Amino acid sequence: MTESKKLKALFLLDPAITYLNFGSFGACPKPIFEDYQQWQLLLETEPAQFIAVNSVGYLKRSREALAEYVNCDADDLVYVNNPTYAINIIAKSLKLEAGDEILSTNLEYGALDRTWTYYCKKNNARYIQQKIELPVVSKEVLIEQFWKGYSEKTKAIFISQITSATALRLPVKEICAEAKRRGLLTIVDGAHVPGHVPLNLAELEADIYTGACHKWMMTPKGCSFLYVKKEFQGMFDPLLISWGYDSATPSDSQFLDYHQMQGTRDISAFLTVPKAIEFMKEHHWEQVAEDCRELVQNNYIRFCDLLGTVPLCPMDADFLGQMCSTRIKTREPERLQRHLFEHYRIEVPVTRIGMDFFIRFSVNGFNCQEDLDKLFVALGEILAKGVFLEV
Ligand SMILES: Cc1ncc(COP(=O)(O)O)c(C=O)c1O
């Protein structure tokens with residue numbers, strides 16, 4: 001059996017589907033899912049002990065494992081369900097005044113564009129979606145384009161480390177370092193980062209960072225984190241007021257009290273992080289990721305040629321991870337995606353930025369060249385029929 005087939009057998013994924021959409025919601029391998037179910041069973045065996053007595057300790061152990069993995073202090077991060085939740089905590093509490101600006105890009109995730117637009121509007125502040133030209137030609141040019149959006153009203157920057165629709169790695173280290181020189185608060189959306197490319201929070205000058213564990217770290221859904229540097233933790237109110245606010249039994253960390261207590265809920269997904277890290281070590285995930293990046297780079301140009309376009313970035317690991325996006329011309333993006341699934345059993349997303357559409361394929365350890373060939377043949381057939389797609 002090939003390595004990718006062996007790995008596929010470890011996942012719960014339907015073997016009949018060619019799964020090229022890992023980037024959207026990840027997928028959970030069986031050993032991690034079993035760990036999740038064991039936590040859930042333990043919870044239901046003695047709910048009161050689990051929730052009221054032991055949950056804080058369980059969470060601490062899991063935060064410690066994650067903190068070691070992303071290199072930060074375990075008390076500077078808290079589990080939340082998803083990055084949208086994390087950024088809502090931040091945007092709601094940020095003391096925005098009329099005229100203040102949040103500098104971002106036009107490549108951000110739609111839900112978070114909406115979050116910033118909402119809170120900026122409420123405070124008569126402005127969310128600046130600075131245009132990054134595609135294709136990106138170099139880090140330097142991208143950085144220069146980004147800072148064209150800066151003004152003396154800029155209060156904070158918000159930027160993805162790996163973008164959603166366009167699947168680009170952005171030079172956030174350099175951008176955050178420059179932002180700190182300019183005295184700005186740095187907020188990074190790393191939804192796609194943990195488990196995908198190395199993350200070292202101590203080196204990255206992000207004051208605030210959110211990452212999803214349920215994507216590339218492969219935990220069950222609803223497991224993400226918010227990291228806030230100690231000096232900024234006092235700025236943020238809980239999004240949900242519960243026992244941790246004005247706590248009768250405060251811990252050493254108001255940050256944890258505020259954001260960790262959210263009423264009765266199932267925290268089992270959060271507790272699978274140590275198992276997910278163990279799984280990645282056991283299966284040499286750094287090498288798996290490296291092989292996947294190679295597969296992406298070997299196939300990107302071929303898809304661009306087929307679709308009559310060019311890659312969105314230079315072909316190297318500075319910009320590409322385990323996903324890539326190819327611009328497509330379609331008037332029926334939803335039907336195209338549905339057709340690929342229903343007719344070819346290929347799960348691959350058609351993403352969009354405004355009126356620009358892209359097809360984004362993700363590669364993980366269970367994928368192989370054959371999967372990409374299937375997509376290639378399917379797109380070729382669709383193009384030949386002249387339905388859904390044009391060149
Ligand atoms: C760049 C980016 N940010 C944030 C998110 C988080 O989305 P959610 O909060 O819905 O899990 C995603 C999800 O795909 C994303 O691609």
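Criteria and thresholds
- Residues numbered from 1 in each chain as written.
- Predicted model: local features only at pLDDT ≥ 70, side-chain atom pairs only at ≥ 80, totals over all residues.
- Heavy atoms only, no water.
- Helix = DSSP H or I, 4+ residues; strand = E, 2+ residues; numbered from the N terminus.
- Rg over C-alpha atoms; globule rule 2.2 N^0.38 Å.
- Buried < 20%, exposed > 50% of the residue type's maximum accessible area, 1.4 Å probe, protein only.
- Contact = heavy atoms within 4.5 Å.
- Areas by Shrake-Rupley, 256 points an atom, 1.4 Å probe, with all protein chains shown as cover.
- Lys, Arg positive; Asp, Glu negative; His and termini not counted.
- Charge placed at Lys NZ, Arg CZ, Asp CG, Glu CD.
- Axes fitted to C-alpha atoms, helices over the stretch in contact; angles between N-to-C directions.
- Parallel < 35°, antiparallel > 145°, perpendicular 65-115°, else oblique.
- Nonpolar A, V, L, I, M, F, W, Y, C, P; charged D, E, K, R; others polar.
- Pairing = 2+ DSSP bridges.
- Core = buried A, V, L, I, M, F, W, Y, C linked by side-chain atoms within 4.5 Å.
- Domains from an automatic or database assignment.
- Near = heavy atom within 4 Å.
- Polar contact = N/O pair within 3.5 Å; in protein donor to acceptor, adjacent residues only side chain to side chain.
- Buried area = accessible area lost by both parts, 1.4 Å probe.

Chemist: Break down the overall build of the protein for me, citing the residues and quoting the values.
Modeler: Each helix and strand counted, the protein has 14 helices and twelve strands in total. For a compact globule of 391 residues, the expected C-alpha radius of gyration is about 21 Å, and the protein comes in at 21 Å, within 12% of that figure. Counting only C-alpha atoms and orienting by the principal axes, one finds that the protein spans roughly 70 × 55 × 35 Å. Out of the 391 residues belonging to the protein, those deemed buried represent 57%. Counted over contacts in the protein with a minimum sequence separation of 6, partners at least 24 positions apart contribute 70%. As presented, the protein carries roughly 17400 Å² of accessible surface, and 51% of it is formed by carbon and sulfur atoms. Averaging the positions of the 42 positive and the 51 negative side-chain charges in the protein gives two centres separated by 5 Å.

Chemist: Give me the lowdown on the packing of helix α3 (residues 30–45) against helix α4 (residues 47–70), citing residues and values where you can.
Modeler: Packed helices, taken two at a time, are described by their axes: the angle between them and the distance between them. The contact between α3 and α4 brings their axes to 7 Å, and the two run at 130°. Viewed along their axes, α3 and α4 adopt a mutual orientation that is oblique. Residues W39, L42, L43, E44 and T45 of α3 form the contact with α4, whose participating residues are P47, F50, I51 and Y58. Of the residues that constitute the contact of α3 with α4, the class distribution is seven nonpolar, one polar and one charged.

Chemist: Any details on unusual backbone geometry? Residues and values, ideally.
Modeler: Cis geometry marks the peptide bond from L134 to P135; its omega dihedral reads 0°. Here P135 lies in the loop between β4 (126–130) and α7 (139–147). At N71, a residue that is not glycine, the phi angle is positive and equals roughly 60°. Mapped onto the elements, N71 comes out in the loop between α4 and β2 (77–80).

Chemist: Give me the lowdown on the pairing of strand β11 (residues 350–353), citing residues and values where you can.
Modeler: Examined bridge by bridge, β11 and strand β12 (residues 356–362) share four bridges and lie antiparallel to one another. Its bridge partner being in β12, T351 is matched across the sheet by F358.

Chemist: I'd like a description of the nonpolar core, backed by residues and values.
Modeler: Within the largest apolar cluster, 106 residues are counted, with the highest numbers of intra-cluster contacts made by Y209, F225 and L340. Among the elements that line this core, the one with the most residues is helix α12 (residues 285–306), at nine residues. If you count residues domain by domain, this core takes at least three from each of domain 1 (3–29 + 284–385) and domain 2 (33–278). For Y209, the residues in contact, after removing those within four places along its chain, are Q161, V188, G190, V193, L199, L201, L204, F225, L226 and Y227.

Chemist: Which residues make up the site of the ligand, and what are the values?
Modeler: Neighbouring residues of the ligand: N82, P83, T84, Y109, L112, S160, I162, S164, D189, A191, H192 and K215. Taking T84, its side chain carries an N or O atom lying 2.4 Å from an oxygen atom of the ligand. Across the shell around the ligand, the residue classes break down as five nonpolar, five polar and two charged.

Chemist: Describe the domain arrangement of the protein, with residues and values.
Modeler: Under the domain assignment, the protein is made up of domain 1 (3–29 + 284–385) and domain 2 (33–278). Between the C-alpha centres of domain 1 and domain 2 there is a distance of 26 Å. The partner domain 2 presents 29 residues to the 36 residues of domain 1 that form the contact. Both faces combined, the contact of domain 1 with domain 2 buries some 2500 Å², and carbon together with sulfur accounts for 63% of it. Contact with domain 2 buries surface across domain 1, with L312, F319 and M323 losing the most and accounting together for 24% of the total.

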